Amino acid sequence: MNFSKIYALGLRHLYLIMNSFPRVLDLIYWPTVQIFLWGFISKFFTLNSDYYSNTVGVILTAAILYDFLFRASISFNMMFLEEIWSRNFTNLFIAPIKISEIIVSLTLTAILRTLIGLVPAVLISIPLFGVSILELGPPLVLLLLALYLFGISLGLFVTSGLLRFGPSFENIAWASLFFLAPLGCIYYPIDILPNILQILAKGLPLVHIFEEMRSILLNDSVNYSNIFISSIISVIYFVIGIIVFYASYFGAKKRGTLINMGE
Amino acid sequence: MFIQVKNLTKIYKDYLAVNKINFFIEKNKTIGLLGPNGCGKTTSIGMMLGLITPTSGDILINNKNLKSFSRDQILSRLNFASPYVELPKKLTVKQNLEIYGRLYGIKNLSERIDEISNDLDIKNFFDRKTGELSSGQKNRVSLAKALINKPEILLLDEPTASLDPDIGDFVRSYIQDYKSKNKVTILLASHNMSEVERLCDSIVMMRKGKIIDNGTCEELIKKHGRNNLEETFLKLARSKDEF
């Protein structure tokens, strides 16, 4: 692993952000809108629902965590799509950088993009709605890690699709997270789902993460086994994501699509 | 012998793109890959760059099979430029060269960027975004990226396509000058016959995925009884025979 090359690829995306104020604004805009929207919904529910009456901001915290996952995944996809849009794909894939280094670089740089978008939104939620995700305490770090790993795994699946099917797969990149959202039990407990879907939902780390988040905020108790399970599931998806990415890369080499990839 | 291509074949599903081609390039020589559109030039270059997996056949570099090199081991010795492949448009010229210099692990990168940008006369638009440049400017930046690692093997796919005669001549003169000062083996795919005549030591003619003839410009012109390379190209491209 050559960290200088990983840094170089990260720098490419950092320069892209730094060169364009609208791009920075775009990164911040959507999470902030989300926070405002869910902040007001959260406030309304807090005032009108018995379930949420004891804890301010369960929905808003869920929205922030879900947005973290969403931004992580989209950031990974976006950075890959940037190479396709700019017709730089061939240059990147003939540079002496290993596929593993590309994955590590995108994974690390996605954190930066995610935080640029989310930190201002999280900070706004404190004075505006009196909600801070820091109320989750030390488990927050583990929950964020599990979410991040799962977000990157989804990014890997989508980018594998881009390698396999070309730029036409782009729409799936945007829709990917919405497919899973209903099963993720982000805003409601898992009991709401029909039995069959509960089984499927438990195969996702989201259910365990968001159940744990609610448990911490509503019952003030931390169940580390939930966090452990979510982390293990996220790691499994991440490993599968890497395998699928490699398979797609070798498949693209066979089909000859790497040389013509571009809009 | 530096690069040897042996029975190289690429089949896409039921389409035979490259059909058992054989050729070699001696060290520090320039070979021209000619042929009509769709004859398999880009696929052949793609296989040499490791972007396309051959269906069968081998590419040997210094008698060592390309497959036996690790990705970064071989790619650090190669580079490629084509007007159909671009650098990130939203990054400045300087940023692009810096990033590719880092990806190629160039030591004393600032000096190398300085050197190459002076040589290619790109300094006056160094801080402009690459996407805002004219075709000629983009072309020179692309060439700067392709030479940043002082490659032992340089693959050029139509390097002067869509350039005006003045810039086209500048690029050709630069490549000629670069060749004379540096040890580089070049594979040049082009449709510009005067460019090929000027830059190439020998030529490989392809049609429908196969090599139909090869030799030096003079040899081919003489062999086919034509006055220049363009006429020779037309004869070969339109002919049904192999030579």
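From a predicted model like this one, the values you see are computed outputs, not experimental measurements. (Residues numbered from 1 in each chain as written. Chains lettered and ligands numbered in written order. Predicted model: local features only at pLDDT ≥ 70, side-chain atom pairs only at ≥ 80, totals over all residues.)

Turning our attention to the overall build of chain B. Check the secondary structure of chain B and you find nine helices and 10 strands. Its C-alpha atoms put chain B at 50 × 40 × 35 Å along the principal axes. Within chain B, the proportion of its 243 residues that are buried is 44%. Restricting the contact set of chain B to residue pairs at least 6 apart, pairs at least 24 apart contribute 68%. (Helix = DSSP H or I, 4+ residues; strand = E, 2+ residues; numbered from the N terminus. Buried ≥ 20, exposed ≤ 12 C-beta atoms within 10 Å, placed from the backbone. Contact = placed C-beta atoms within 7 Å.)

Residues and elements named next belong to chain A. Contact pair helix α6 (residues 139–165) / helix α10 (residues 224–255): the axes reach a minimum separation of 8 Å and the direction vectors enclose 20°. As far as their axial angle goes, α10 and α6 are roughly parallel. In this structure, the crossing between α6 and α10 has a hand that is left-handed. (Axes fitted to C-alpha atoms, helices over the stretch in contact; angles between N-to-C directions. Parallel < 35°, antiparallel > 145°, perpendicular 65-115°, else oblique. Left-handed = near helix turned anticlockwise from the far one by under 90°.)

Residues and elements named next belong to chain B. Overall, antiparallel pairing links the four strands, which are arranged β2-β1-β4-β5 in an open sheet. What marks the edges here is a single partner per strand, and that holds for β2 (15–25) and β5 (64–65). Alignment of strand β1 (residues 3–12) against strand β4 (residues 56–61), held across five bridges, turns out to be antiparallel. What sits directly across from Gln4, in β4, is Leu60. (Pairing = 2+ DSSP bridges.)

Moving on, we come to the interface of chain B and chain A. Residue-level contacts link 28 residues of chain B with 27 residues of chain A. Residue assignment for the side of chain B that touches chain A shows that the elements contributing at least two residues are α1 (41–48), α2 (71–75), β6 (78–81) and α3 (93–103) of chain B. No other element matches the five residues that α3(B) contributes to the side of chain B that touches chain A. Residues of the side of chain B that touches chain A, tallied by class, amount to 15 nonpolar, seven polar and six charged. (Nonpolar A, V, L, I, M, F, W, Y, C, P; charged D, E, K, R; others polar.)

This next bit is on unusual backbone geometry. Residue and element names in this part refer to chain B. If you check the backbone angles, Asn7 has positive phi at about 50° while not being a glycine. Structurally, the position occupied by Asn7 is in strand β1. With 12 C-beta atoms counted inside 10 Å, the residue Asn7 sits in the exposed group. Even without being glycine, Asn62 reaches a positive phi, approximately 50°. The exposure class of Asn62 is exposed, given the 11 C-beta atoms found within 10 Å.

This paragraph deals with the pairing of strand β8 (residues 185–189) of chain B. Residue and element names in this part refer to chain B. The element β8 is extensively covered by neighbouring structure, given that five of its five residues are classed as buried. Taking every second residue as pointing to the same face, both faces of β8 are buried, with Thr185, Leu187 and Ala189 on one and Ile186 and Leu188 on the other. Bridge count for strand β3 (residues 30–34) against β8 is four bridges, and the pairing is parallel. Within the sheet, the bridge partner assigned to Gly32 lies in β8 and is Leu188. Regarding the hand of the β-α-β motif, the stretch spanning strand β7 (residues 153–157), helix α6 (residues 165–181) and β8 is right-handed. (Right-handed = clockwise from strand over helix to strand, strands pointing away.)

It is worth spelling out the nonpolar core at this point. Note that soluble globular proteins tend to have their nonpolar side chains buried in a common cluster. A:Leu65, A:Leu147, B:Ala144, B:Leu155, B:Leu187 and B:Leu188 are the most contacted members of the largest nonpolar core, which has 133 residues in total. By residue number, the principal contributor to this core is helix α3 (residues 58–85) of chain A, which donates 19 residues. Both domains that meet at this core, namely domain 1 (1–68 + 201–243) and domain 2 (76–185) of chain B, each give it at least three residues. Beyond its immediate chain neighbours, meaning those up to four positions away, B:Ala144 contacts B:Leu97, B:Ile116, B:Ser117, B:Leu120 and B:Ile122. (Core = buried A, V, L, I, M, F, W, Y, C linked by C-beta atoms within 7 Å. Domains from an automatic or database assignment.)

For the rest of this paragraph, the subject is the domain arrangement of chain B. Residue and element names in this part refer to chain B. In terms of domain boundaries, chain B breaks down into domain 1 (1–68 + 201–243) and domain 2 (76–185). Inter-centroid distance (C-alpha atoms) of domain 1 to domain 2 is 25 Å. Contacts between the two partners involve 11 residues from domain 1 and, on the opposite side, nine residues from domain 2. The dominant element in the side of domain 1 that touches domain 2, judged by the number of residues it contributes, is α1, at three residues. Of the residues in the side of domain 1 that touches domain 2, the class split is six nonpolar, three polar and two charged.

Residues and elements named next belong to chain B. Strand order in the open sheet made by the six strands is β6-β7-β8-β3-β9-β10, with mixed pairing throughout. At either end of the open sheet lies a strand with only one pairing partner, and these are β6 and β10 (210–215). With strand direction ignored, the average angle separating the axes of adjacent strands in the sheet is 15°. Relative to strand β9 (residues 202–207), β3 runs parallel, the two sharing four bridges. Following the sheet pairing, Ile31 is matched in β9 by Ser202. In the packing of helix α9 (residues 229–238) onto the sheet, contacts are made with β3, β9 and β10, and the angle to β9 comes to roughly 30°.

Moving on: the environment of A:Thr61. All names here are of chain A. As for its placement among the helices and strands, Thr61 is situated in helix α3. Judged by the 26 C-beta atoms lying within 10 Å of it, Thr61 falls in the buried class. A C-alpha to C-alpha distance of 9.2 Å links Thr61 and Ile35, two positions 26 residues apart in sequence. Other than its neighbours up to four places away in sequence, Thr61 contacts Val131, Ile133, Met213 and Leu217.

What follows concerns the environment of B:Ser76. Mapping B:Ser76 onto the fold places it in the loop between α2 and β6. Measuring from C-alpha to C-alpha, the distance between B:Ser76 and B:Leu103 comes to 9.0 Å, with 27 residues separating the pair along the chain. Those residues in contact with B:Ser76, other than ones at most four positions away along the chain, are A:Pro96, B:Tyr104, B:Gly105 and B:Asn149.

All names here are of chain B. On average, residues of chain B score 89 in pLDDT, and 98% of them reach the 70 mark or higher. Least confident of the elements in chain B is α9, whose mean pLDDT is 82; most confident is α3, at 95. Our summary of model confidence lists the complex with pTM equal to 0.88 and ipTM equal to 0.87. (pLDDT = per-residue confidence, 0-100.)

A separate point is helix α5 (residues 99–129) of chain A. Owing to its 3.6 residues per turn, the α-helix aligns residues three or four sequence positions apart on the same side. Residues and elements named next belong to chain A. Its 31 residues give α5 an end-to-end C-alpha distance of 44 Å, which sits within 8% of 45 Å, the value for a rise of 1.5 Å per residue. Along α5, the sharpest change in direction is near 30° and occurs at Leu115. Gly130, located one to two residues past α5, shows a positive phi value of around 65°. (Expected span 1.5 Å × (residues − 1). Bend = angle between axes of the 7 residues up to and from the residue.)

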